[in-house]
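Chain residues, written in single-letter form:
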Amino acid sequence: MSGELWVAVLVTALGTLAMRMLPLLWMRKRLRQQANSDVDALPQWLGILGPLMIAAVLGVSLIPQQPDTTSWSATLLGCIVTFGVWYRSRSLGWPVAAGVATFGMVIVVGSML
Amino acid sequence: MSSQALLQSSRPWLTGMRDAIPLLGAYIPIAISFGLISVQAGFNAWETVVISTLIYAGASQFLFVGMAAGGAPLWLTVAMTLLINIRHVVYAPNIAPWLTRNRWWPWLMHGLTDQIFALAHSRLPHMPEQQRIGWYTGAAGLAWGSWVAGSALGAIAGDWMIKSWPLLSEVMPFALPSLFLVLLIPRCTSIRWVLALSVATFAALALAVFSYSNVAIPLAAALGAAAFYAIQPRGGSTT
């Protein structure tokens, strides 16, 4: 890797870190300033955007690696089973494990048909 | 792990690692793919590990090595890579109210990926203050370590691994949507939230299906926010 490319890697790394770190410093300052105020430190739109970003990441991650009928069926069934197991257990690990297992089983069965 | 168990945890970093285990199902296969593509683009294993360690931002790393290998101007490569990561600016302020005054928190933001944000946003509010930094360090550290290790593995033996276990690399990434689903369900506290979250999810899905993955997340979140504000709350509550 050339010297210029190393510089590009470092600039990209520092830029990415800044995008994750600087908003925290800004928010901490805002929280300190508004500690004795009735106004919420977290702007309402920002608080709403957080869960919506997670929902958007969910949407992107739903697309299977091989987007065919079997994979989409596996995705749908995997989501249903994940929800069902979460509803019963209210835990984090079991619903994910059950969802992945269901997804895998549908892929295997689909490949045998 | 339930909220009650979190409150009783004596080793918060271990709890954090345990909570982050579902992420590995997606991180490791994707990191292996990145390692393989990076080597094919002309970077060696050591350079691949450095990129994964320092930049640590999934999709943008693929873009970085692809553009660099394709001979794109370096300023454009850096600009495009940072543009993809711009969504990260809203993550830290969203979890800031639950972070303690520890001076290490700003540096720990290096590990604040989409997935760790989703996990932290759901778990930190239910945790005693003194356990939060330990929990976050465990969760983010495991995710970071798995990404770097997966990249190294992909750079060294990725080609052989993907040929040997094609099914595994197809199935394990489903852990990611499954985890996000579990994190989002408790947020569906009203019709307004259900509709806003559904709009964001399906808009992102549609955009990604039509190969607009890079703009899918911020654009879909903005559409979800528009839906949220378009629906009048009952009883005057804003959220």
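Since the structure is predicted, the reported quantities are computational estimates derived from the model, not experimental observations.

Peer 1: Report on the overall build of chain A, specifying residues and quantitative values.
Peer 2: When helices and strands are counted, chain A shows four helices and zero strands. Reading the helices (α) and strands (β) of chain A from amino to carboxyl end gives α-α-α-α. For a compact globule of 113 residues, the expected C-alpha radius of gyration is about 13 Å, and chain A comes in at 22 Å, more than 25% above that figure. Over its C-alpha atoms, taken along the principal directions, chain A stretches across nearly 60 × 50 × 20 Å. Expressed as a percentage of contacts within chain A between residues at least 6 apart in sequence, the contacts between residues at least 24 apart total 31%. For chain A, the accessible surface area stands at approximately 5900 Å², while carbon and sulfur atoms represent 66% of it. Placing the 7 positive and 4 negative side-chain charges of chain A at their respective mean positions leaves the two points 11 Å apart.

Peer 1: Describe the pattern of salt bridges, with residues and values.
Peer 2: Residues and elements named next belong to chain B. Using the criterion set out here, one finds three salt bridges over all chains in the structure. Between aspartate 114 and arginine 87 there is a salt bridge, and its shortest N-O distance comes to 2.7 Å. With aspartate 114 in helix α8 (residues 114-123) and arginine 87 in the loop between α5 (74-84) and α6 (91-95), this residue pair connects regions lying 27 residues apart in the sequence. You can call arginine 87 buried: its relative accessible area is 13%.

Peer 1: Could you give me a rundown of the domain arrangement of chain B, with the residues and numbers involved?
Peer 2: Annotation of chain B at the domain level lists domain 1 (3-172) and domain 2 (188-239). Summarising the inter-unit geometry, the C-alpha centres of domain 1 of chain B and domain 2 of chain B are found 25 Å apart.

Peer 1: Mind laying out the state of the cysteines, listing which residues take part and the relevant values?
Peer 2: If you walk through the whole model with that rule in mind, you get zero disulfides over all chains. Between cysteine 79 of chain A, a cysteine without a disulfide, and cysteine 188 of chain B, which holds the nearest cysteine sulfur, the sulfur-to-sulfur distance is 13 Å.

Peer 1: Would you mind going over the interface of chain B and chain A in detail, with residue names and values included?
Peer 2: Interface size, as often reported, equals the accessible area lost upon joining of the parts. Residue-level contacts link 86 residues of chain B with 65 residues of chain A. When the two sides are added together, the surface that chain B and chain A hide from each other amounts to roughly 6600 Å², 80% of it contributed by carbon and sulfur. Here chain B and chain A share zero salt bridges between them. Where chain B touches chain A, the interface holds nine residue pairs in polar contact (both at pLDDT 80 or more). If you tally residues by element for the side of chain B that touches chain A, the top one is helix α11 (residues 175-184) of chain B, at 10 residues. Here the residues of the side of chain B that touches chain A sort into 63 nonpolar, 15 polar and eight charged.

Peer 1: Give me the packing of helix α4 (residues 93-112) of chain A against α11 of chain B: which residues, what numbers.
Peer 2: Relative to each other, α4 of chain A and α11 of chain B sit at 140°, their axes nearing to 9 Å. Considered as vectors, α4 of chain A and α11 of chain B are oriented oblique to each other. Considering only the axes of α4 of chain A and α11 of chain B, their crossing is right-handed. Across the interface between the two elements, Pro95, Val96, Gly99 and Val100 of chain A of α4 of chain A pack against Ala175, Ser178, Leu179 and Val182 of chain B of α11 of chain B. Grouping the amino acids of the contact of α4 of chain A with α11 of chain B by side-chain chemistry returns six nonpolar, two polar and no charged.

Peer 1: A description of the packing of aromatic side chains should follow, citing residues and the corresponding values.
Peer 2: The full count for this structure, using the stated rule, is 12 aromatic pairs over all chains. Judged by centre distance (4.6 Å) and plane angle (10°), the ring pair of phenylalanine 103 of chain A and phenylalanine 174 of chain B falls under stacked. One end of the pair, phenylalanine 103 of chain A, is in helix α4; the other, phenylalanine 174 of chain B, is in the loop between α10 (166-171) and α11, on a second chain. For the pair phenylalanine 103 of chain A and phenylalanine 174 of chain B, a shared accessibility class is recorded, and that class is buried. Taken together, a centroid distance of 6.1 Å and an interplanar angle of 80° make the contact between tyrosine 27 of chain B and tryptophan 147 of chain B edge-to-face. Linking tyrosine 27 of chain B in helix α2 (residues 12-40) with tryptophan 147 of chain B in helix α9 (residues 129-164), this pair joins segments that are 120 residues apart in sequence. For tyrosine 27 of chain B, a relative accessible area of 6% puts it in the buried group. Chaining the aromatic ring pairs together yields one cluster made of Tyr27, Phe34, Phe62 and Trp147 of chain B. Stacked on the ring of tyrosine 87 of chain A, the Lys or Arg arginine 90 of chain A has its end atom at 5.1 Å from the ring centre. Note that arginine 192 of chain B overlies the ring of phenylalanine 228 of chain B, its terminal NZ or CZ placed 3.9 Å from the centroid.

Peer 1: I'd like a description of the nonpolar core, backed by residues and values.
Peer 2: In this structure, Leu52 of chain A together with Leu23, Met109, Leu112, Leu119 and Tyr136 of chain B are the most contacted members of the largest nonpolar core, which totals 75 residues. When residues in this core are grouped by element, the largest group, 10 residues, is from helix α2 (residues 44-61) of chain A. Residues within four places of leucine 52 of chain A in sequence aside, it is in contact with Trp193, Ala196, Leu197, Ala200, Ala221, Gly224 and Ala225 of chain B. Ranked by size, the runner-up nonpolar core spans 15 residues in total, among them Leu5 of chain A together with Ile51, Val78 and Leu82 of chain B.

Peer 1: Could you give me a rundown of the domain arrangement of chain A, with the residues and numbers involved?
Peer 2: On domain assignment, one finds that chain A holds domain 1 (1-40) and domain 2 (55-113). Computed over C-alpha atoms only, the centres of domain 1 of chain A and domain 2 of chain A are separated by 35 Å.

Cut-off values and rules
Residues numbered from 1 in each chain as written. Chains lettered and ligands numbered in written order. Predicted model: local features only at pLDDT ≥ 70, side-chain atom pairs only at ≥ 80, totals over all residues. Heavy atoms only, no water. Helix = DSSP H or I, 4+ residues; strand = E, 2+ residues; numbered from the N terminus. Rg over C-alpha atoms; globule rule 2.2 N^0.38 Å. Contact = heavy atoms within 4.5 Å. Areas by Shrake-Rupley, 256 points an atom, 1.4 Å probe, with all protein chains shown as cover. Lys, Arg positive; Asp, Glu negative; His and termini not counted. Charge placed at Lys NZ, Arg CZ, Asp CG, Glu CD. Salt bridge = Lys/Arg side-chain N within 4 Å of Asp/Glu carboxyl O. Buried < 20%, exposed > 50% of the residue type's maximum accessible area, 1.4 Å probe, protein only. Domains from an automatic or database assignment. Disulfide = S-S within 2.5 Å. Buried area = accessible area lost by both parts, 1.4 Å probe. Polar contact = N/O pair within 3.5 Å; in protein donor to acceptor, adjacent residues only side chain to side chain. Nonpolar A, V, L, I, M, F, W, Y, C, P; charged D, E, K, R; others polar. Axes fitted to C-alpha atoms, helices over the stretch in contact; angles between N-to-C directions. Parallel < 35°, antiparallel > 145°, perpendicular 65-115°, else oblique. Left-handed = near helix turned anticlockwise from the far one by under 90°. Phe/Tyr/Trp six-rings, centres within 6.5 Å; stacked < 30°, edge-to-face > 60°. Lys NZ or Arg CZ within 6 Å of the ring centre and 35° of its normal. Core = buried A, V, L, I, M, F, W, Y, C linked by side-chain atoms within 4.5 Å.

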